[in-house]
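Fold and contact review
Given next are the chains, with one letter for each unit.
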Amino acid sequence: MRQVLYALTPAIAVYVYLFGCGILLQLVIAIVSALVFEAVALRLRGLAPHAYLRDGSVIVLGCLLALAIPPYAPWWAIVVGVAVAVLIGKHAFGGLGHNIFNPAMVGYIFLLLCYPATLSQWPEMSKIIDYPGLWGSAKMIMTSPTEMLDGISGATVLDYVKTQAALMRMHSEMASAATFGMFAGRGWEWINLAYLCGGGWLLWRRVVTWRLPLSFLAGLAGAALLGYIVDPELHRGAVFHLFAGGAMMAAFFVVTDPVSSATTPLGMLLFGFSAGLLTYLIREFGGYPDGVAFAVVTMNALAPLIDRFTQPRLYGKTSETEHPSSTTLR
Amino acid sequence: MSARQLHTFRGGIRLDPHKRETQDLTSRALPIPEKLILPLQQHVGAAAEPCVKVGQRVLKNDVIAHANNYVGMRLHAPSSGLITAIDEYPVIHPSGLTAACIELTTDGEDLAPELNVADDLNTLASQAVYQRIAEAGIVGLGGAGFPAHVKVLEGTGQTVDTLIINGVECEPYITCDDRLMQEYPAEVLAGAALLARAIDAATCIVAVEDDMPAAMNALQSARPERIELVSIPAIYPTGGEKQLIKVLTGREVPSGLLPIDIGVAVLNVATVVAVHRAVASGQPLIERLVTVSGDVSEPGNAKVLMGTPVNYLLEQFGIDDVSEYRILSGGPMMGTEILNLAAPVTKTVNCILILRRELAEEPASACIRCGDCVPVCPVGLQPQQLYEATRTSDIDLAQDFHLFDCIDCGCCAYVCPSQIPLVHYFRYAKSSIEALDRDRAQADLARTRYEMHQRRISMRLESGPAVGVELADVSGLETNELQGDIRAAVARSNQRRRDDNGI
Amino acid sequence: MMFASLALVLLIIAGIWMLLHHHEPERDSKRRIIARINEILPQTQCQQCGYPGCLPYAQAIVSDGAPIDQCPPGGQVARRALAELLGRSGTSRRRANDFSPMSSQVVVINEPVCIGCTKCIQACPVDAIVGAAKQMHTIISTQCTGCELCIDPCPVDCIDIIDVADDIEHWRWQRPRWAGRERRAGTQP
């Protein structure tokens with residue numbers, strides 16, 4: 001778990017550089033509330049809190065959720081999100097090792113559906129603005145002032161692309177917009193690159209299996225490439241999609257959650273690939289700008305089914321896949 | 001060394017072999033222990049029946065117990081002495097329970113009668129070979145303890161094209177087979193040739209792990225004829241019968257069947273040496289090489305007489321205080337903890353391992369379904385699904401995931417990041433299911449007997465009182481032939497009935 | 001809208017079909033069910049369920065609606081298996097941890113005291129006692145189910161119940177204790 005936190009530090013550093021100190025406060029609030037809610041849940045379930053808190057998975061959960069929501073969102077947003085993630089996403093299903101859905105994604109989706117406005121208030125990066133310092137960030141987060149900092153109501157690049165597409169503008173017309181950076185969305189490309197570096201380190205240290213992240217990226221890139229080949233004006237290419245939104249974070253930190261993903265080797269490949277594909281489909285054809293959370297949660301629901309049909313070959317058996325005759329899937 | 005193309009088996013893990021400590025040390029002979037404890041069951045199959053009495057004097061190599069049936073095994077006296085008891089003694093078993101054993105107090109003289117040496121090995125018929133193996137009490141010395149003559153006999157009855165001699169000691173620390181091949185390479189090869197001829201196998205392979213180069217060299221120097229020497233990569237558990245067959249031949253033994261069913265016979269290298277000694281010189285199995293290793297200052301291999309108590313062996317190796325250690329019979333992956341050190345070394349003990357107790361054993365936490373256990377399973381099982389089934393004692397689900405194909409190798413438990421004792425769960429489930437099946441069989445038998453009983457009663461009722469047992473009357477007995485104590489017993493019983501009914 | 005109404009229609013049709021196809025089992029299948037219940041029951045013939053044997057109890061379950069939890073030797077294993085067979089509440093899968101051995105007890109005759117009256121032989125439902133009038137009686141312990149029906153009829157009280165000791169052959173691995181579960185607040189380190 002500690003190594004996962006280390007792997008997040010490049011991304012956090014880029015965040016701070018691009019968006020200011022808000023993210024640090026969000027992280028602090030997230031971690032504290034995650035620990036508090038976890039302790040409460042453990043106590044309610046009659047389990048010794050200190051033994052389970054030590055494993056740190058809930059800290060990672062908090063950090064991921066804090067990184068997923070806008071850095072200047074009011075304090076209650078992250079607290080509510082963490083509460084839902086820990087209490088409902090994790091403990092209602094049985095606690096460590098038993099959750100069907102990725103808890104961080106559960107929390108994020110809850111926030112997205114209940115407070116869509118709050119969750120779309122990303123700072124504008126096309127202009128160079130003065131971000132408030134630590135104290136200023138604290139004031140913003142804790143008091144959520146009615147007057148918005150100039151440029152806070154900006155959208156992410158995915159959001160921009162979607163709204164522009166709805167206005168029937170072609171990509172070549174959009175290309176000059178300031179939301180685009182060197183190879184993908186401005187600013188976001190660096191964040192995703194930072195996630196990629198952290199993720200690559202995790203792969204090298206063998207903390208996560210290679211099957212899930214690489215199949216996710218393959219699914220996303222493959223689908224994007226196909227779309228680009230079909231019509232470059234309507235669909236953006238693979239590189240754009242790989243470095244936009246939450247793609248890299250999902251690839252290395254969300255999809256790799258062992259509890260909610262498939263467990264057989266072939267199953268992991270299918271799971272990751274499908275999640276990537278689904279992300280692309282939601283981004284291009286769905287109602288939300290970024291489809292990562294929904295794609296992951298959908299695949300979580302299908303993971304037991306994938307496991308059932310991708311069982312490894314038993315020594316001595318000649319048929320490729322063995323189907324258990326029981327009706328229980330988990 | 002042959003250029004045979006090797007295959008790989010799925011899964012497995014690389015372990016630190018810990019062989020350097022003992023593989024270059026010559027095996028030691030030990031002085032004869034004062035007492036030898038010989039369990040009547042040292043093999044797969046029914047227990048042997050003693051054919052000696054307490055107080056009887058026996059010579060070395062005398063038969064002291066007979067095999068009960070086809071899959072039984074005889075027992076021989078490892079040294080001369082007096083039979084002092086036939087009783088329950090502690091044995092090496094995970095339960096720590098006792099079993100029936102013959103206790104032999106040695107006289108130190110080691111007197112033995114003349115052995116029945118064979119005239120010419122090459123002309124010996126298969127039947128004769130089988131006979132001599134059975135008479136010598138040889139079981140599989142690799143740890144399974146399956147009677148060797150049964151394997152050979154099954155081999156003569158069926159077509160065996162490949163005989164594999166298993167010199168692959170894949171568990172860490174154990175080097176007794178390594179030393180055996182280094183010290184008696186000619187016997188290994190002679191035994192292999194003998195067996196190959198007896199079961200008419202076209203191919204005979206001796207497999208050695210690649211971390212045992214001295215053993216391979218010794219075998220090569222003994223100039224094997226028509227025997228392939230193959231070196232295979234040291235991946236645990238490549239020494240397992242089914243995995244070894246896959247590596248050497250590419251064939252897989254179908255689930256539920258035996259190697260013989262696909263034309264392959266596998267025997268441990270120590271078994272083969274014992275077979276050679278039995279067939280060539282009539283020497284029964286009374287001693288074997290045992291490795292003593294682990295966290296000890298002077299590890300090594302020893303020629304140990306069957307029935308030597310473990311504490312005697314430890315003493316000979318200068319190990320006295322073992323309170324901080326766990327003593328295992330076997331290797332660190334599949335070994336059994338020895339709960340009573342007075343238990344004896346038997347035919348299936350290949351290593352006594354002394355390991356320091358972990359100061360704080362990491363307790364198990366929840367399974368996080370990481371799936372690390374799946375790629376390492378050499379059988380292709382899904383340990384995390386089996387764990388789920390066995391944890392909730394769900395028998396049907398466990399069998400859906402092929403619980404009984406598990407070979408207890410421990411690879412899954414070794415890699416589990418949550419430190420779950422997976423093999424322990426699987427063993428629990430397997431023995432529970434076997435016990436339930438035994439009970440089911442007993443219930444079926446009881447039902448049949450009940451049905452016969454009912455039928456007999458109804459037949460008797462139909463045909464009248466002439467058929468059947470004459471019913472005796474208690475009152476009649478009381479007045480006629482009752483002895484005083486019977487009268488007293490009846491009175492006691494009646495008193496009890498009155499007391500029970502509050503009269 | 002159209003899809004929704006189509007789905008609703010399909011559901012209604014399916015429901016009607018299921019209702020029509022649910023019927024009481026016929027007599028022949030009743031006999032089969034009784035036989036299957038009898039297979040589940042442990043056959044100790046001890047009559048603790050209140051019926052004169054396992055088969056009568058099976059018949060009573062099917063014909064008189066006798067409750068399925070009357071069998072102590074069968075224990076939880078039998079109860080759950082019966083629940084699954086008959087579609088009643090209770091989990092539908094075999095569990096190993098409620099396993100209770102069929103005979104953890106057998107009876108033994110104290111032979112010097114036995115007077116050869118054959119009363120116990122008549123009482124034994126599985127014919128596990130060997131003997132004849134004025135001849136020594138003895139129990140075939142491998143066939144004895146521990147039902148205790150022979151103890152009362154003996155006029156000289158020479159039959160005793162003994163526990164079958166757990167020997168190496170019948171020893172089973174115990175279920176490992178999962179440290180996590182036991183680490184409840186304050187109960188275990």
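What you see is a predicted model; the values in this text were computed from it and never measured. (Residues numbered from 1 in each chain as written. Chains lettered and ligands numbered in written order. Predicted model: local features only at pLDDT ≥ 70, side-chain atom pairs only at ≥ 80, totals over all residues. Heavy atoms only, no water.)

1. Considering the sheet that holds strand 17 (residues 351-356) of chain B
Residue and element names in this part refer to chain B. What the six strands build is an open sheet, ordered 1-14-13-17-15-16; its pairing is mixed. For this open sheet the edge positions go to strand 1 (28-29) and strand 16 (336-337), each flanked by a neighbour on one side alone. In terms of strand pairing, strand 13 (residues 287-294) meets strand 17 through four bridges, oriented parallel. Bridged to S293 within strand 17 is L353. With respect to the sheet, helix 4 (residues 176-183) is in contact with strand 13 and strand 14 (300-305), its orientation differing from that of strand 13 by roughly 125°. (Pairing = 2+ DSSP bridges. Helix = DSSP H or I, 4+ residues; strand = E, 2+ residues; numbered from the N terminus. Contact = heavy atoms within 4.5 Å. Axes fitted to C-alpha atoms, helices over the stretch in contact; angles between N-to-C directions.)

2. Observations regarding the pattern of salt bridges
Under the criterion given, the structure shown has 18 salt bridges over all chains. Here B:E252 and A:R313 are joined by a salt bridge, their closest N and O atoms 2.8 Å apart. Linking B:E252 in the loop between helix 7 (241-249) and strand 12 (264-268) with A:R313 in the segment after helix 16 (292-309), this pair reaches from one chain into another. Taking the relative accessible area as the measure of exposure, A:R313 reaches 29% and is therefore partly exposed. The salt bridge involving B:D110 is made with B:K60; its shortest N-O contact spans 3.2 Å. In this pair, B:D110 sits in the loop between strand 8 (98-106) and helix 2 (126-135) while B:K60 sits in the loop between strand 4 (57-58) and strand 5 (63-66), placing the two residues 50 residues apart along the sequence. Residues participating in the shared-partner salt-bridge network are A:R313, B:K246 and B:E252. (Salt bridge = Lys/Arg side-chain N within 4 Å of Asp/Glu carboxyl O. Buried < 20%, exposed > 50% of the residue type's maximum accessible area, 1.4 Å probe, protein only.)

3. A look at the side chain of B:S80
Residues and elements named next belong to chain B. Examined against the element boundaries, S80 turns out to sit in the loop between strand 6 (75-76) and strand 7 (81-90). A distance of 2.8 Å separates a polar atom in the side chain of S80 from a polar atom in the side chain of D107. With near-sequence residues (within four places) excluded, S80 lies in contact with V58, L59, K60, T106, D107, E109, D110 and L111. (Polar contact = N/O pair within 3.5 Å; in protein donor to acceptor, adjacent residues only side chain to side chain.)

4. So, the sheet that holds strand 10 (residues 203-209) of chain B
Residues and elements named next belong to chain B. If you trace the four strands from one edge of the open sheet to the other, you get 11-10-9-12, paired in parallel fashion. Bordering the open sheet on either side are strand 11 (228-232) and strand 12, each of which pairs with just one other strand. When the angles between neighbouring strand axes are averaged without regard to direction, this sheet yields 25°. Sheet topology note: the strand 9 (residues 162-167)/strand 12 ladder contains five bridges and is parallel. Bridge pairing in strand 12 places L163 opposite A265. Against the sheet, helix 6 (residues 213-221) engages strand 10 and strand 11, with an angle of about 170° to strand 11.

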